[in-house]
Amino acid sequence: MGQLRTAETNTKTQQRLSQPEHNGLAGPEHYNGDSRVFMASEVAMAYDSKIPNSQGVCLPNTSVTTSVAIPFNKTPDSLAVSGLYGCTSLVVVSKKGAYVNHMWECPHFAPRIPPPPSDAGENSSFERAVLDIIKYGSRSQYSPVGLCFAQTEQDLKAPINILSLFSKDSHPRVFLFAPWAIREPPRSDGTQSISGPLTMRYEGCNRQIEGAVKESFKSALPPFKVIPYEPRVLQPETVIPDPEERQREVGDSNFESHEGKVLVQYKPAADAKGKATLRVWFEARLEYEEEWSPAGEFQIAEPLPVDPQPVIRPNSRRSHDGVG
């Protein structure tokens, strides 16, 4: 039997209790050692447009596959995705940058489930709606670049050369954050468990995504790891009567839980002798961490500004001790 899912597994988004050093990375240590609170809060900050050097993969009210790619430069960066309760996320990282996407479960992975009215006809092709966008991106703001970077128009909103970010010398690696199969519906009290052996919900789709990644890199497939997660479940009416509130709860639109979230963190080197750092978190678990010597000045942080020394001006008043 799997873990019971109750309201107590949620955490309230909190402020950091302390701040990281200049150009440093936040961690559970800044949240009293609680990795769940850390994850919920830092992902919420990534989606806050007022916070610099942080981005969240957008989740529009359509079924379009969305993604964000960033290069690793002079400033710390965070890249996150939230709201995964059956959807899938592809994460590609290297010593040069990161790519994170969001792929809707419905209608692409589960076409048997009726899509929202605005998505009529969207579920006709998994290849077009998911695999092609992974490889080539789309002509929209939602996924302007793909792993092949086939589109080279100068008017792209994010004209990042993905191939340079994930070149062989940058040691890329790939993670696929994908759901387990749900074996048992939630009980009337809102708890839910999984009995029997766990299996992936969309094993065939996962293999197709791995093939699209391999095709994008053209040579050898980088290290590829599937990270399974237990999806949040829609609570019954006996627990949350309002249907809109039930949907917000399962998607965690208020960032109250660590579940269904991915966070990539990057920190530049402090100086030429220092190390740049990459961390990849899935839910409340640090899955991958790497340090490396900066590839150039572009991966060395700007020094902390030095407060100017006060200017000491001679006393202009006349002395009363001598002749004056």
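Placed above this text is the structure.
In this text the structure is predicted, and so the values were computed from the model without any measurement.

J.: For this particular structure, what's the right way to read the environment of Pro107?
T.: Take Pro107: it is sitting in helix H2 (residues 105-109). Since its relative accessible area comes to 1%, Pro107 is described here as buried. Counting along the chain gives 22 residues from Pro107 to Ala129, while the straight-line C-alpha distance between them is 9.7 Å.

J.: Can you help me understand the environment of Pro52 in this one?
T.: The topology assignment puts Pro52 in the loop between helix H1 (35-46) and strand E1 (54-56). Overall, Pro52 belongs to the exposed group, its relative accessible area being 60%. As for Pro52 and Ser78, which are separated by 26 residues in sequence, their C-alpha atoms are 9.4 Å apart.

J.: What is the right way to read the nonpolar core from this model?
T.: For soluble globular proteins, the rule of thumb is that nonpolar side chains tend to be buried together. Core analysis: the largest hydrophobic core is formed by 27 residues, its most contacted members being Leu90, Val92, Met103, Leu147 and Ile209. Elements with a minimum of two residues in this core: strand E4 (89-93), helix H3 (126-136), strand E6 (173-179) and helix H5 (203-217). Non-local contacts of Met103, meaning those with residues more than four positions away in its chain, are made with Thr65, Cys87, Thr88, Ser89, Leu90, Phe109, Val130, Ile134, Leu176 and Ile209. Of all hydrophobic cores here, the second largest spans 26 residues; its members include Ile70, Val81, Val93 and Val100.

J.: Teacher, can you tell me more about the side chain of Glu259 here?
T.: Considering the arrangement of structural elements, one finds Glu259 in the loop between helix H6 (243-251) and strand E8 (262-267). A distance of 2.8 Å separates the side chain of Glu259 from the side chain of Arg232, its partner in a polar contact.

J.: Just checking my understanding: could you explain the sheet that holds E4 for this structure?
T.: Strand pairing in a sheet relies on backbone hydrogen bonds. The paired strands run either parallel or antiparallel. With respect to topology, five strands assemble into an open sheet ordered E2-E5-E4-E6-E7, the strand pairing being mixed. Two strands in the sheet have a free side with no partner beyond their single neighbour: strand E2 (66-71) and strand E7 (224-229). Within this sheet the neighbouring strands show an average axis-to-axis angle of 15°, counted without direction. Along the sheet, H5 contacts E4, E6 and E7; its crossing angle with E6, the most-contacted strand, is approximately 160°.

J.: Can you walk me through H1 in this structure?
T.: Residues that lie three or four places apart on an α-helix share one face, since the helix turns once every 3.6 residues. With 12 residues, H1 extends 16 Å from end C-alpha to end C-alpha; this agrees with the ideal 16 Å at 1.5 Å per step. Among the 12 residues of H1, nine are classified as buried, and the element is accordingly described as predominantly covered. Buried positions along H1 lie against E1, strand E3 (77-81), E8 and strand E9 (276-282). For H1, the capping residue at the N-terminal end is Asp34, with a side-chain oxygen 2.9 Å from the backbone nitrogen of Arg36.

J.: Before we go on, may I ask you to explain the packing of aromatic side chains in this structure?
T.: When we look at a pair of aromatic rings, we describe it by the centre distance and by the angle of the planes. What the rule picks out here adds up to 12 aromatic pairs. Among the aromatic residues, those joined into a ring-pair cluster are Phe175, Phe177, Tyr229, Phe282 and Tyr288.

J.: Even after reading the chapter, I still don't get the sheet that holds E1, so can you show me in this structure?
T.: In space, the five strands of this open sheet follow the order E1-E3-E8-E9-E10, with mixed pairing throughout. A strand with exactly one partner marks an edge of an open sheet, and here the two such strands are E1 and strand E10 (285-292). This sheet shows a mean twist of 10° between the axes of neighbouring strands, independent of strand direction.

J.: Explanation requested: the pattern of salt bridges in the structure shown.
T.: A pair can form between side chains of opposite charge whenever their charged atoms are brought close. This structure, assessed with the given rule, holds 14 salt bridges. The partner of Arg285 in a salt bridge is Glu287, with the nearest N and O atoms 3.2 Å apart. Among the charged side chains, a network of salt bridges with common partners joins Asp132, Lys135 and Glu215.

J.: Just checking my understanding: could you explain the packing of H3 against H5 for this structure?
T.: For any two helices packed against each other, one specifies the inter-axial angle together with the distance between the axes. Running from amino to carboxyl end, H3 crosses H5 at an angle of 35°, the nearest separation of the two axes being 9 Å. Handedness of the H3/H5 crossing: right-handed. Listed contacts from H5 to Phe126, Leu131, Ile134, Lys135 and Tyr136 of H3 are Cys205, Gln208, Ile209, Ala212, Glu215 and Ser216. Classifying every residue of the contact of H3 with H5 by side-chain character gives seven nonpolar, two polar and two charged.

Reading the values: rules and limits
- Residues numbered from 1 in each chain as written.
- Predicted model: local features only at pLDDT ≥ 70, side-chain atom pairs only at ≥ 80, totals over all residues.
- Heavy atoms only, no water.
- Helix = DSSP H or I, 4+ residues; strand = E, 2+ residues; numbered from the N terminus.
- Buried < 20%, exposed > 50% of the residue type's maximum accessible area, 1.4 Å probe, protein only.
- Core = buried A, V, L, I, M, F, W, Y, C linked by side-chain atoms within 4.5 Å.
- Contact = heavy atoms within 4.5 Å.
- Polar contact = N/O pair within 3.5 Å; in protein donor to acceptor, adjacent residues only side chain to side chain.
- Pairing = 2+ DSSP bridges.
- Axes fitted to C-alpha atoms, helices over the stretch in contact; angles between N-to-C directions.
- Expected span 1.5 Å × (residues − 1).
- Phe/Tyr/Trp six-rings, centres within 6.5 Å; stacked < 30°, edge-to-face > 60°.
- Salt bridge = Lys/Arg side-chain N within 4 Å of Asp/Glu carboxyl O.
- Left-handed = near helix turned anticlockwise from the far one by under 90°.
- Nonpolar A, V, L, I, M, F, W, Y, C, P; charged D, E, K, R; others polar.

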